[in-house]
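# What the coordinates show
Residue-level listing of the chains:
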Amino acid sequence: MSYHDESDEYPDGAVRLRNPNIELMDQDILYHLALGSGSHDLHQMFGDVKFICMGGTPKRMEQFANFIMDEIGYKLPAGTTLLDISQYSYRYSMYKVGPVLSISHGMGIPSVGILLHEVIKLMYHARVRDPVFFRLGTCGGIGLDGGHLVITDEAVDGMMRPYLELPVLGKLVQRPSKLDVELAKELQSLSTQDDPFETHVGRTMCTYDFYEGQGRLDGAFCDYTEKEKLEFLHKIHDNNILNMEMESLAFAALTHHAGIRAAVICVTLLNRLNGDQVASSKEVLNEWQNRPQAIVARYIKKHMGMTGPAPRPPPPGPKTVVNSKKLKFVREESQSYE
Ligand SMILES: O=P(O)(O)O[C@@H]1C[C@H](O)[C@@H](CO)O1
Ligand SMILES: O=c1cc[nH]c(=O)[nH]1
């Protein structure tokens, strides 16, 4: 078993590839993106990218591309429409809006892991400096009702271990799932009193499954009781785990290994202490999905030097109410970051 933590960063902001083979190859085919270093001029196409935003579904990331275009006032060349650059991969969708890439990553660690290998290599071939990666996701709240934002300061696996474990050549390799805590604090600071939601910073449990992996009672199989489920959820709640989702561990581990700053910001769809089914209406769920986008858009505008009126709140929705006996503690933890 090996445990890597090589957190030194390249001082010039270049994206590091920890793989000597890539330089020796005639061309590098980014198969799942339908791009390649031989077939495309990746520096010309992507050299100006700064903000890489990822989320589960193609629709969400197309919406984000349109939203950020509006927010930063980016104009597509006359006669063109927003294009899915990776449409012929039939795997992921990718949109480019000036310095912003908006990419769907599918569900789970294997899907986001493959994408991250190829996007990190894309940044390398494009000679991008100091990119920032964001995951804009959905999650189950632990002690938080639907509609809250959780920014992850540490991703842990289903055993509460802070690293991604991957069998490589018959050996278990562990990579620390570290995120940029300063970036998390900065994102939280961009949330305002006018927002119809609260934004928390805390630990995220990343699982390999939505049903049994997250202790649900409503999968096709279930070999535990409701009491056992609740004992587990309360135990992780007591350990300051605020939410559960399925990508943060790989997202954190692979970006950290590449020396890339990254943040995971997810909206809760339900409070798992109260149930398992995602029962809110499509309209409500769609409005909630805009919330991480609003905060990330503020960050992007701030770092593009775009000043102006107060940050635009997302479209109105019901003010998210809090349902947690532990929230006071969580709030105090979060405030200590401000
Ligand atoms: O970004 P998304 O909404 O895909 O994140 C969570 C984790 C899983 O991919 C999925 C499960 O419903 O939602
Ligand atoms: O409960 C939930 C909701 C969204 N995504 C998850 O992984 N879990």
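Residues numbered from 1 in each chain as written. Chains lettered and ligands numbered in written order. Predicted model: local features only at pLDDT ≥ 70, side-chain atom pairs only at ≥ 80, totals over all residues.

### Digging into the pairing of strand S8 (residues 149-156)
S8 sits mainly inside the fold: seven of its eight residues count as buried. Bridge analysis of S8 against strand S13 (residues 261-271) gives three bridges, and the strand direction is antiparallel. Each bridged residue has a counterpart across the sheet, and for Ile151 the counterpart in S13 is Ile265. (Buried ≥ 20, exposed ≤ 12 C-beta atoms within 10 Å, placed from the backbone. Helix = DSSP H or I, 4+ residues; strand = E, 2+ residues; numbered from the N terminus. Pairing = 2+ DSSP bridges.)

### Examining the UniProt feature "binding site: phosphate" (unreviewed entry) in the protein
Feature annotation in UniProt assigns "binding site: phosphate" (unreviewed entry) to the following positions: Arg91, Arg135, Leu136, Gly137 and Thr138. Within the fold, Leu136 resides in strand S7 (residues 132-141). A tally of 26 C-beta atoms within 10 Å means that Leu136 is categorised as buried. What Leu136 contacts, discounting residues up to four positions off in sequence, is Cys53, Gly55, Phe64, Ile265, Pro292, Gln293 and Val296. Here Thr138 shows up in strand S7. For Thr138, a count of 22 C-beta atoms within 10 Å gives the class buried. (UniProt positions renumbered as here; feature names shortened; annotations may be inferred. Contact = placed C-beta atoms within 7 Å.)

### Description of the site of ligand 1
Every residue close to ligand 1 is listed here: Gly55, Gly56, Met107, Gly108, Gly137, Thr138, Phe210, Glu245, Met246 and Glu247. In terms of residue class, the shell around ligand 1 is made up of three nonpolar, five polar and two charged. (Near = placed C-beta within 6 Å. Nonpolar A, V, L, I, M, F, W, Y, C, P; charged D, E, K, R; others polar.)

### Some words on the nonpolar core
Membership of the largest hydrophobic core comes to 83 residues, with the highest contact counts inside it found for Cys53, Ile103, Leu122, Ala250, Ala263, Ile265 and Val296. The residues contacting Leu122, other than those within four sequence positions of it, are Leu30, Leu33, Leu35, Leu42 and Phe46. (Core = buried A, V, L, I, M, F, W, Y, C linked by C-beta atoms within 7 Å.)

### A short note on the site of ligand 2
The immediate surroundings of ligand 2 are formed by Thr138, Cys139, Gly140, Phe210, Gln214, Met244, Glu245, Met246 and Leu269. Going through the elements one at a time, S7 and strand S12 (241-245) are the ones with two or more residues in the shell around ligand 2. A per-element tally of the shell around ligand 2 places S7 first, with three residues. Class assignment for the residues of the shell around ligand 2 results in five nonpolar, three polar and one charged.

### Focus: unusual backbone geometry
Generally, phi is negative for residues other than glycine and the peptide bonds are trans, each holding for most cases. Phi angles above zero are rare outside glycine, and Met160 is one such case at about 65°. Summarising the element assignment, Met160 is placed in the loop between S8 and strand S9 (163-168). C-beta crowding within 10 Å serves as the criterion here: with 12 such atoms nearby, Met160 is assigned to the exposed category. A positive phi angle, close to 50°, is found at Leu169, a residue other than glycine. Here Leu169 lies in the loop between S9 and strand S10 (171-176). When the 5 C-beta atoms within 10 Å are taken as the criterion, Leu169 is described as exposed.

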